[in-house]
Amino acid sequence: NRGVHNMLMTIAEEISLDIGEPFRDMEALDHALRKQRPLRLWGKPYLVEKYRPLTEPIAYDAVQSMLASIGHKERFEFVVVAGGGSQLFKKAIHEALPLYRLDEVSEPMYANVRGYQIAGQAKLAPKAGAAPTMEGTSPSTEPGVVA
């Protein structure tokens, strides 16, 4: 029920208070958080890492909500972290599931897109008389990761 959007909005509100005017460049903020780089405001670097503690309660709430919806967590063998905000949620996931090794797909921001591509190719393959392939795509996981 909570995600990166909630984190970005929370941080944007704090930046707005700090700079004395509304901050609305969510794309730049998202990029700065994902790449762990400063924002550029008025041509100068603006550190966003100081706002990271504001994201932690949101991440913990989201993970607890997910755990409540999946039921018995001991039935899982692997935990694979994907999505554009994976870096923002890894600590909360690890603390909620300490007995699991967390694996992250390469380029986690594109994980859903690759999944939809695979599903689309699988659906179209019988019509074309061919098996689905992943030609032209990068590997979906880091070496040694089971997805």
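Q: Any chance you could break down the overall build of the protein for me, citing the residues and the numbers?
A: The helix and strand tally for the protein stands at five helices and four strands. Counting helices and strands in the order they occur from the N terminus, the protein gives α-α-β-β-α-β-α-β-α. Counting over 147 residues, the protein shows a buried share of 31%. Of all intrachain contacts in the protein linking residues separated by at least 6 positions in sequence, the fraction that spans at least 24 positions is 54%.

Q: Describe in detail the packing of aromatic side chains, supporting the description with residues and values.
A: One pass over the structure, following the stated rule, counts one aromatic pair. Ring centres of Tyr-46 and Tyr-51 lie 6.4 Å apart, and the angle between their planes is 25°; this geometry places the pair in the stacked category. Pair check on accessibility: Tyr-46 and Tyr-51 agree, each one buried.

Q: Explain unusual backbone geometry to me, using residue names and the numbers behind them.
A: Of note, the phi angle at Gln-36 is positive, near 50°, even though the residue is not glycine. Along the polypeptide, Gln-36 turns up in the loop between helix H2 (26–35) and strand S1 (39–41). One non-glycine residue, Trp-42, lies in positive phi territory at about 55°. Tracing the backbone through its elements, the reader meets Trp-42 in the loop between S1 and strand S2 (44–46).

Criteria and thresholds
Residues numbered from 1 in each chain as written. Predicted model: local features only at pLDDT ≥ 70, side-chain atom pairs only at ≥ 80, totals over all residues. Heavy atoms only, no water. Helix = DSSP H or I, 4+ residues; strand = E, 2+ residues; numbered from the N terminus. Buried < 20%, exposed > 50% of the residue type's maximum accessible area, 1.4 Å probe, protein only. Contact = heavy atoms within 4.5 Å. Phe/Tyr/Trp six-rings, centres within 6.5 Å; stacked < 30°, edge-to-face > 60°.

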